[in-house]
Amino acid sequence: MYAEYFGLQQEPFSIAPDPRFLFMSERHREALAHLLYGVRGGGGFVLLTGEIGAGKTTICRCFLEQLPEPCRVAYLFNPKLTVGDLLRSICQEFQIEVKAPGPGPATIKDHLDPLNDHLLRSHAQGLRNVLVIDEAQNLSPHVLEQLRLLTNLETNEHKLLQVILIGQPELRGLVARPELEQLAQRIVARYHLDALTPAETRQYIQHRLDVAGLKGPLPFSDAAIQRVHALTAGVPRRINLLCDRALLGTYATGQARVERATVDKAAQEVFDTPTKGPAETGPSPLPERALYLGLGAAAGAVLVAGAAWAWWQGQRPVAAPATPVASLAPESSAAAAQAPANAPAAEPQAPPPPKAPPTPEAPAATPGLPPGSALIASADAAWAELSTLWGTPLSGAAPCNQAPRQGVQCYRTQRMTLHGLRQLDRPAVLDLQLPDRSRGRVLLTAMSADAAWLQAGGQRWQLPLTQLADAWDGSYETLWRLPPGLRARVADARQTAAATWVGERIAALQAKGTVPSSAAQLTARVQAFQRSQGIDAEGVAGPITLMQLNLASGVDEPRLSAPRS
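Predicted model only: the values in this text are computed from it and were never measured.

(A) Quick peek at the overall build of the protein. Within the protein, the regular secondary structure consists of 21 helices and 12 strands. For the protein, the accessible surface area stands at approximately 25600 Å², while carbon and sulfur atoms represent 52% of it.

(B) Structural detail: the environment of valine 235. On the secondary structure map, valine 235 appears in the loop between helix H9 (222-232) and helix H10 (236-252). Taking the C-alpha atoms as reference, valine 235 lies 8.1 Å from glycine 55; in sequence the two are 180 residues apart. Leave out the neighbours within four places in its chain, and valine 235 touches Ile52, Gly53, Ala54 and Ala195.

(C) Structural context of the state of the cysteines. If you walk through the whole model with that rule in mind, you get one disulfide. Note that cysteine 400 is cross-linked by a disulfide to cysteine 410, the S-S spacing being 2.1 Å. Sign of the S-S torsion, about -100° for the bond between cysteine 400 and cysteine 410, identifies this disulfide as left-handed. Of the two residues, cysteine 400 sits in helix H16 (residues 399-402) while cysteine 410 sits in strand E7 (residues 408-413), which places them 10 residues apart along the sequence. Summarising the burial analysis for this pair, cysteine 400 and cysteine 410 share the class buried.

(D) Looking closely at the pairing of strand E4 (residues 161-167). When you tally the buried positions in E4, you get seven out of seven residues, the bulk of the element. Alternating residues of E4 divide into Leu161, Val163, Leu165 and Gly167 and Gln162, Ile164 and Ile166, and every residue in both groups is buried. This β-α-β element, strand E3 (residues 128-133) to helix H5 (residues 141-150) to E4, shows right-handed connectivity.

(E) Main features of the pattern of salt bridges. Per the stated rule, a full pass over the model turns up 18 salt bridges. Across the pair arginine 177 and glutamate 179 runs a salt bridge, and its minimum N-O distance is 2.9 Å. By sharing partners, the salt bridges in this structure join Arg227, Arg260 and Asp264 into a single network.

(F) A look at the sheet that holds strand E2 (residues 71-76). Taken in spatial order, the five strands of this open sheet run E2-E3-E4-E1-E5, and their pairing is parallel. Every other strand in the sheet has two partners, leaving E2 and strand E5 (187-193) as the edge strands with one partner each. Ignoring which end each strand starts from, the neighbouring axes of this sheet average 15° apart. Here five bridges tie E3 to E4, and the two strands are oriented parallel to one another. Each bridged residue has a counterpart across the sheet, and for valine 130 the counterpart in E4 is glutamine 162.

(G) A look at unusual backbone geometry. Residues other than glycine seldom take positive phi values, yet alanine 398 does so here, at roughly 50°. On the secondary structure map, alanine 398 appears in the loop between helix H15 (379-387) and H16. In this structure alanine 398 comes out as partly exposed when scored by relative accessible area, which is 35%. You will see that arginine 437, though not glycine, has its phi angle at about 75°, which is positive. Checked against the element boundaries, arginine 437 lands in the loop between strand E8 (428-433) and strand E9 (439-447). Looking at arginine 437, the relative accessible area reads 62%, which means it is exposed.

(H) Examining the packing of helix H19 (residues 499-512) against helix H21 (residues 543-553) more closely. Viewed as axis vectors pointing N to C, H19 and H21 meet at an angle of 50°, and their least axial separation amounts to 11 Å. Classified by the angle their axes make, H19 and H21 are oblique. Crossing handedness for the pair H19 and H21: left-handed. Within the contact between the two elements, H19 uses Trp501, Val502, Arg505, Ile506 and Leu509 and H21 uses Leu546, Leu549, Asn550, Ala552 and Ser553. For the contact of H19 with H21, the class distribution of residues is seven nonpolar, two polar and one charged.

(I) Region of the structure containing the packing of aromatic side chains. Tallied over the full model, the rule gives seven aromatic pairs. Ring centres 5.3 Å apart and planes at 70° place the aromatic pair tyrosine 5 and tyrosine 251 in the edge-to-face group. Of this pair, tyrosine 5 sits in the segment before helix H1 (26-40) while tyrosine 251 is found in helix H10, placing the two residues 246 residues apart along the sequence. By relative accessible area, which is 37% here, tyrosine 5 ends up partly exposed. Since its relative accessible area comes to 31%, tyrosine 251 is described here as partly exposed.

(J) Examining the pairing of E5 more closely. Along E5, five of the seven residues are buried, which leaves the element largely enclosed by surrounding structure. As judged from the six bridges shared by strand E1 (residues 45-50) and E5, these two strands associate in the parallel manner. Each bridged residue has a counterpart across the sheet, and for valine 46 the counterpart in E5 is alanine 189.

(K) Representation of H15. Among all positions of H15, only Ala382, Trp383, Glu385, Leu386 and Ser387 are buried. For H15, the secondary structure elements touched by its buried residues are H16, E7, E8, E9, strand E10 (451-456) and strand E12 (476-481).

(L) Structural detail: the nonpolar core. Leu421, Leu430, Leu432 and Leu468 are the most contacted members of the largest nonpolar core, which totals 60 residues. The residues contacting leucine 432, other than those within four sequence positions of it, are Leu369, Pro370, Ser438, Arg439, Gly440, Val442, Leu454, Leu468, Ala471 and Trp472. Leu8, Ile205, Leu248 and Ala266 belong to the second-largest nonpolar core, a separate cluster that totals 32 residues.

(M) Inspection of the packing of H19 against helix H20 (residues 522-533) at higher detail. As a packed pair, H19 and H20 sit with axes 10 Å apart at the nearest point and diverge in direction by 50°. Between H19 and H20, the interaxial angle falls into the category oblique. In this structure, the crossing between H19 and H20 has a hand that is left-handed. For the pair H19 and H20, the contacting residues are Ala499, Val502, Gly503, Ile506, Ala507, Leu509 and Gln510 in the first and Leu522, Arg525, Val526, Ala528 and Phe529 in the second.

The rules behind each value
- Residues numbered from 1 in each chain as written.
- Predicted model: local features only at pLDDT ≥ 70, side-chain atom pairs only at ≥ 80, totals over all residues.
- Heavy atoms only, no water.
- Helix = DSSP H or I, 4+ residues; strand = E, 2+ residues; numbered from the N terminus.
- Areas by Shrake-Rupley, 256 points an atom, 1.4 Å probe, with all protein chains shown as cover.
- Contact = heavy atoms within 4.5 Å.
- Disulfide = S-S within 2.5 Å.
- Buried < 20%, exposed > 50% of the residue type's maximum accessible area, 1.4 Å probe, protein only.
- Right-handed = clockwise from strand over helix to strand, strands pointing away.
- Salt bridge = Lys/Arg side-chain N within 4 Å of Asp/Glu carboxyl O.
- Pairing = 2+ DSSP bridges.
- Axes fitted to C-alpha atoms, helices over the stretch in contact; angles between N-to-C directions.
- Parallel < 35°, antiparallel > 145°, perpendicular 65-115°, else oblique.
- Left-handed = near helix turned anticlockwise from the far one by under 90°.
- Nonpolar A, V, L, I, M, F, W, Y, C, P; charged D, E, K, R; others polar.
- Phe/Tyr/Trp six-rings, centres within 6.5 Å; stacked < 30°, edge-to-face > 60°.
- Core = buried A, V, L, I, M, F, W, Y, C linked by side-chain atoms within 4.5 Å.

Here it is as structure tokens:
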């Protein structure tokens, strides 16, 4: 109705999951990466949770489109089933014929036997079987336990059935129940999809309008966009409902763009909640979660033009949990990824580590990705440039073998995410592949809510995180400062002379209340700290745990603070 008025080819804020309007925020990209990693890794369960309207269905659609070729998928979206119903649905989705040997309906065993045969035949043919269950928070514990039993069929390297559970936040609590502990231990990747940030809300609105054919300026004032984010908490479906109604109201009153007052009026109608008066400038408190269940019905009111006109003639009334770094790897596997080394020796009288040098006056950053000719060609050269930020220059061959003697240690992974970069909060070497297919390394030196700053050979670049995500393959190399007195590579600090230092640091954080209390044993303290950081609580004081302990306890290391404008 209002599309032509704003120069659009179609209405931009439909709540239907139209793939043309797909907007992949940093969080959506990471959620997709977790799903794909879980499947490619050959594990048992993968868990994706998020609030109503956060975009879980969008992620699921993208995931199904990007599955590796040799995959068969069964998709269930109505999981309020008994065990028998579940098995029947799985067999139907995989097109498995089930025969009852005698009179009467097929039993559970009648379904399990051909399902197991199907999984074994698929494996022999080089095929994978993936079961995706949407709205999985509605599964009963009994049905979840049956799913766990289905994943017991495995080879030495892979589960023969991989299960993707997608659901609302209650799903996390469900799988954490004591009776489902065995299932929880089989979850190889999990991700909670947070809402959009204020910057991403603006990008989301702009993106949908651009796809709908917008050629002119954005028809929302800055104050209106800020208000949209405050009232919707950055949930895409609620943004669609509110923006659609606000554009209709703007059209009905003949205004050129959406203003804050229009957004307030739209929210009052769509969400059925009061807005604040003109003297109150702070964001409105979010509606109760139960209220959101009725949003689908409220959206239908947008189509009634006569009612909208009458409504707008009335009196116009004048920011998510950090992504756990557990997604990187458990400490045991992270430690295994390091180069092999003997148990580290201690130097009790070693001087304190040098402080990171002050950052020199940096050259102006060039917008966009660096050209291929500016990328760092070799790993040794990249380590050498990175090490100067720690005040511990590493030069020549095998720089990571030199690093412990200077009080730092190298850390590498191929599975870093944008949220992981922010969580570890330290400069790093990233491997990029540019649009012209050239490859090379750069230093990530700073991050803001929606941008990154890169460096190579004295040159700097600034680019949106979305552009970085398209060019970056997830490789990550960084340094971290060793505990005092250690001058050899660390796999588990509990087994070194730094054990006392680790225990004291965590105990100090517990005394401040930033880490939950625990037993006095070192392993118990390490596990308490790991849980507070979202790290797998294995009790191993490995590189990830020590990096986060350095961050939490104020050890002097360079950080990813955004440059001042």
